[in-house]
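# Notes for the structure review
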Amino acid sequence: MVMAQDFSGLLNLDTLDLSKNSLNDESFGSNSLSSLTLLKKLDLDSNRLSGVPALSPSVEVLKMNNNKIGTLSPHCFTGLVNLLNLELVGNALHESTVSPLAFRPAEKLLSLHVDKNHFTSIPLGLPRSLQTLKMSGNMIDRVTEEALKGCSHLRLLDLSHNQLHDQSVPASTWSHLKSLEALDLSSNQFTSVPTNLPRRLLKLTLRHNDILHVPAFSFRHLRPGLQSLQLSHNHLSDGGADRASFVGTYRSMSELLLDNNRLEEVPPFIRQFKSLKMLRLDNNHIRAVRRWSICHPRNPGSMLAAVHLENNRLQVDRIPADTFSCLIDVQGLVLYPQQGQSNS
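Residues numbered from 1 in each chain as written. Predicted model: local features only at pLDDT ≥ 70, side-chain atom pairs only at ≥ 80, totals over all residues. Heavy atoms only, no water.

### Things to note about the overall build of the protein chain
We apply this condition: Numbering goes from the N terminus for both helices and strands, where a helix is a DSSP run of H or I of at least four residues and a strand is a run of E of at least two. Type-normalised accessible area, obtained with a 1.4 Å probe on protein chains alone, sets the label of each residue: buried when under 20%, exposed when over 50%, and partly exposed for intermediate values. Here, two residues are considered to be in contact whenever any of their heavy atoms come within 4.5 Å of each other. Accessible areas in this description were obtained via Shrake-Rupley with a 1.4 Å probe; residue shielding takes into account the shown protein chains only. Positive charge is attributed to Lys and Arg, negative charge to Asp and Glu, and no charge count is given to His or to the chain ends. Every charge is mapped onto a representative atom, which is NZ of Lys, CZ of Arg, CG of Asp or CD of Glu.
Secondary structure summary: the protein chain contains one helix and 14 strands in total. Across its three principal axes, the protein chain shows a C-alpha extent of roughly 75 × 45 × 35 Å. Counting over 344 residues, the protein chain shows a buried share of 50%. Long-range contacts, defined as pairs at least 24 residues apart, comprise 56% of the intrachain contacts of the protein chain with a sequence gap of at least 6. Within the structure as shown, the protein chain displays about 15,900 Å² of accessible surface, and the carbon and sulfur contribution to it stands at 49%. Positive and negative side-chain charges of the protein chain, numbering 34 and 31 respectively, have mean locations separated by a distance of 8 Å.

Have a look at this one:
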């Protein structure tokens, strides 16, 4: 039992770590933690809690990962008006067990981590102040417009390792995320890059999907423009994307990851990128690299620092000598090993 007198003489305590114990809901005596009026950081990870104990309004960071929390009632965060970061990873939450009023007291909340729960959709009633939402490793198969409607300050959204597909997100849903800069949709079931993406998006991660196609003009509306696109471990072949697919990114893109796909040649649009620093084309089926396929003589001031072409089907000695002349660091070029060939 944790009693208020256990902390007598510790009234200036601002950080408390009670993780990896055997605490349950009955372990806390009446107001045992709420007496710590200067407490800012509380770690209750890896216990046996099914609810949130009474806490001081001073708490800013609350970690309750790997407990047994299955419900968030309208009053579970009552008084926590200064809460900024909340972690509830590895519990038993579902959207039907999270009250739309649960987060109302936490009107300053900036970061919410609810990875590895049982959500099939994003819960309603998220705080308007929220800037980071992580829901990786759930069972989400739909994203409703209503759930994201008030999230105009959200900057990072992680929905990786779920069950999302091309029909999971209504066309206008992303438009509410007016501040979103990073979107992670890795390890889902998309066959095409989503369209109508948030206008301010800078980083889009789509690793480990079933993507066959990048639609034309998918990124044209983005301002200031997409900077990072990760399409590793998909099913892209030579016809899956063309120059029109990347309109709007040719001056902004700095990182393009196309490794572990089904490409048989270097995509002809690669040399159009003006600000590219990292290019990954490794683990494809590329048999040849043409002279101007990566470095174009009319593209001075290259920023390209790394090119990966290993584990393809290249005969390296047949690549024209000036093919990689635009690289600013020759050590950033990786050509070996190749499939079925030695490293020499």
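### So, the side chain of Glu95
Stated precisely, the cut-off is as follows: Two N or O atoms count as a polar contact when they lie within 3.5 Å, although within protein this holds only if one can serve as hydrogen donor and the other as acceptor, and sequence-adjacent residues are included solely when both atoms are side-chain atoms.
Inspection of the secondary structure assignment puts Glu95 in the loop between β4 (85-87) and β5 (111-113). Within the structure, Glu95 has its side chain in polar contact with the side chain of His94 (distance 3.4 Å). Here the side chain of Glu95 touches Thr120 through a polar contact of 2.3 Å, side chain to side chain.

### Details of the state of the cysteines
Which entries qualify depends on this criterion: Our working definition of a disulfide is a cysteine sulfur pair at a distance within 2.5 Å.
Summed over the entire model, instances satisfying the criterion amount to one disulfide. Here Cys295 pairs with Cys326 through a disulfide, and the sulfurs are 1.9 Å apart. Disulfide Cys295-Cys326: the torsion about the S-S bond is -65°, which places it as left-handed. Here Cys326 lies in the loop between β13 (306-308) and β14 (333-334) and Cys295 lies in the loop between β12 (278-280) and β13, a separation of 31 residues in the sequence. Cys76 forms no disulfide, and the closest cysteine sulfur to it belongs to Cys151, at a distance of 17 Å. Taking relative accessible area as the criterion, Cys151 reaches 2% and is therefore assigned buried.

### As for the pattern of salt bridges
We count it as follows: One speaks of a salt bridge when a side-chain nitrogen belonging to Lys or Arg is within 4 Å of a carboxyl oxygen belonging to Asp or Glu.
Under the counting rule described, the total for this entry stands at nine salt bridges. One salt bridge in this structure joins Lys63 and Asp45, with 3.8 Å as the shortest N-O distance. One end of the pair, Lys63, is in strand β3 (residues 61-63); the other, Asp45, is in the loop between β2 (41-43) and β3, and 18 residues separate them in sequence. Ionic pairing is found between Glu265 and Arg290, a salt bridge with its closest N-O pair at 3.6 Å. Here the residue Glu265 occupies a position in the loop between β11 (255-257) and β12, and Arg290 occupies one in the loop between β12 and β13, the gap between them amounting to 25 residues. Taking the relative accessible area as the measure of exposure, Arg290 reaches 60% and is therefore exposed.

### Re the nonpolar core
Threshold: Here, nonpolar core refers to any group of buried Ala, Val, Leu, Ile, Met, Phe, Trp, Tyr and Cys residues whose side-chain atoms link them within 4.5 Å.
One finds Phe246 and Ile294 to be the most contacted residues of the largest nonpolar core, which totals 94 residues. With residues up to four places along the chain from it excluded, the contact list for Phe246 reads Val214, Phe219, Leu229, Ala241, Met253, Leu256, Phe269 and Phe273.

### Remarks on the packing of aromatic side chains
The condition that has to hold: Centres within 6.5 Å are what make two rings of Phe, Tyr or Trp a pair, Trp counting through its six-membered ring; a difference in plane orientation under 30 degrees is then read as stacked, over 60 as edge-to-face, and the rest as tilted. Ring-over charges, as used throughout, are those where CZ of Arg or NZ of Lys falls within 6 Å of the ring centre and within 35 degrees of the ring normal.
Enumeration over the complete set of coordinates arrives at six aromatic pairs. Plain terms: the ring middles of Phe246 and Phe273 are 5.9 Å apart, the flat faces sit at 75° to each other, and that makes the pair edge-to-face. Linking Phe246 in the loop between β10 (228-230) and β11 with Phe273 in the loop between β11 and β12, this pair joins segments that are 27 residues apart in sequence. By relative accessible area, which is 1% here, Phe246 ends up buried. In this structure Phe273 comes out as buried when scored by relative accessible area, which is 4%. Through successive ring pairs, a cluster of aromatic residues spans Phe219, Phe246, Tyr250, Phe269 and Phe273. Directly above the ring of Phe217 sits Arg220, whose terminal nitrogen or CZ lies 4.3 Å from the centroid.

### With respect to the confidence of the model for the protein chain
The cut-off we apply is this: Each residue carries a pLDDT value, the predictor's own confidence for that position, ranging from 0 to 100.
On average, residues of the protein chain score 95 in pLDDT, and 96% of them reach the 70 mark or higher. Mean pLDDT values over the elements of the protein chain span from 95, in helix α1 (residues 145-148), up to 99, in β4.

### What to know about unusual backbone geometry
Following Arg223, the chain continues into Pro224 via a peptide bond in cis, with omega recorded as 10°. As for its placement among the helices and strands, Pro224 is situated in the loop between β9 (203-205) and β10. Of note, the amide linkage connecting Tyr336 to Pro337 takes the cis form, showing an omega dihedral of 0°. Relative to the helices and strands, Pro337 resides in the segment after β14. One non-glycine residue, Asn311, lies in positive phi territory at about 60°. Looking at the secondary structure, you find Asn311 in the loop between β13 and β14.

### As for the environment of Gln338
Relative to the helices and strands, Gln338 resides in the segment after β14. By relative accessible area, Gln338 is classed as buried at 3%. Separated by 29 residues in sequence, Gln338 and Leu309 place their C-alpha atoms 8.4 Å apart. If we skip the residues at most four places from it in the chain, Gln338 touches Leu309, Glu310, Asn311, Asn312, Arg313, Leu314 and Val316. Polar side-chain contacts of Gln338 include one of 3.0 Å to the backbone nitrogen of Asn312. Among the polar contacts listed, one links the side chain of Gln338 to the backbone nitrogen of Leu314, at a separation of 3.1 Å.

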